[in-house]
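Topology and contacts: notes
Residue strings, one per chain:
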Amino acid sequence: MTDAAWLTVPDFADRLGITPSAVREMLREGHLFAVRRGERQTLQIPADVIVEGDAGPEVLATLRGTLTLLHDVGMDDAECGDWLLAEEEELGMTPLEALRQGRRAHVRRVAQSLL
């Protein structure tokens, strides 16, 4: 995994202004991914999946569909994180950064080529 900034579930919830249980529900529903990291193996989510929306901080809207595609390819959350946060030659940046720039279709085309 990269050296991206990671947040625990409670810290992620604080950034969004929601409860940790709401974050856990988002994880269960596939809106987010999390991996166990650090010495204590706490569940953590990359901070870069949070973007500024019209009503304040929110989860990047295009993340869910991309995660669904990656899970359909057979990746678990840790593998999704590795792929989303690693430099992708065809994109010229990480897939997560490309999603943040609105390049959803290009990211998903690259993801589909993983099949």
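Residues numbered from 1 in each chain as written. Predicted model: local features only at pLDDT ≥ 70, side-chain atom pairs only at ≥ 80, totals over all residues. Heavy atoms only, no water.

**Focus: unusual backbone geometry**
Unusually for a residue other than glycine, Gln-41 sits at a positive phi of about 55 degrees. The residue Gln-41 is located in the loop between strand 2 (35–37) and strand 3 (42–46) in this model. (Helix = DSSP H or I, 4+ residues; strand = E, 2+ residues; numbered from the N terminus.)

**Some words on the environment of Ala-4**
Relative to the helices and strands, Ala-4 is located in the segment before strand 1 (6–8). With 85 residues separating them in the primary sequence, Ala-4 and Glu-89 have C-alpha atoms 18 Å apart.

**Remarks on the sheet that holds strand 2**
With antiparallel pairing, the three strands of this open sheet are ordered in space as 1-3-2. Each having just a single partner strand, strand 1 and strand 2 make up the two edges of the open sheet. On average, each strand axis in the sheet is inclined to that of its neighbour by 55 degrees, with strand direction left out of account. Looking at chain direction, strand 2 and strand 3 are connected through three bridges and run antiparallel. In the sheet register, Arg-37 faces strand 3, and the bridge partner there is Thr-42. (Pairing = 2+ DSSP bridges. Axes fitted to C-alpha atoms, helices over the stretch in contact; angles between N-to-C directions.)

**Overview of the pairing of strand 5 (residues 56–59)**
Remark: a regular strand shows side chains that alternate across the two faces of the sheet. Relative to strand 5, strand 4 (residues 50–53) runs antiparallel, the two being bridged by four bridges. Paired with Ile-50 across the bridge in strand 5 is Val-59. Taken together, strand 4 and the strand that follows it, strand 5, pair antiparallel across an intervening segment of two residues.

**Observations regarding the nonpolar core**
Counting residues in hydrophobic clusters, the biggest one holds 38 residues, and the most contacted among them are Phe-12, Leu-32, Ile-45 and Leu-84. Elements with a contribution of two residues or more to this core: strand 1, helix 1 (9–16), helix 2 (20–28), strand 4, helix 3 (63–73), helix 4 (77–85), helix 5 (95–100) and helix 6 (104–112). Beyond its immediate sequence surroundings of up to four residues, Leu-84 is in contact with Phe-33, Leu-63, Thr-66, Leu-67, Leu-70, Thr-94, Pro-95, Leu-96 and Leu-99. (Core = buried A, V, L, I, M, F, W, Y, C linked by side-chain atoms within 4.5 Å. Buried < 20%, exposed > 50% of the residue type's maximum accessible area, 1.4 Å probe, protein only. Contact = heavy atoms within 4.5 Å.)

**Focus: the packing of helix 3 against helix 6**
Two numbers describe how helix 3 lies on helix 6: the axes approach to 10 Å, and their chain directions differ by 5 degrees. The orientation of helix 3 relative to helix 6 falls into the category roughly parallel. Between helix 3 and helix 6, the contacting residues are Gly-65, Thr-66, Leu-69, Leu-70 and Val-73 on the first element and Val-107, Arg-108, Ala-111 and Gln-112 on the second. Across the contact of helix 3 with helix 6, the residue classes tally to five nonpolar, three polar and one charged. (Parallel < 35°, antiparallel > 145°, perpendicular 65-115°, else oblique. Nonpolar A, V, L, I, M, F, W, Y, C, P; charged D, E, K, R; others polar.)

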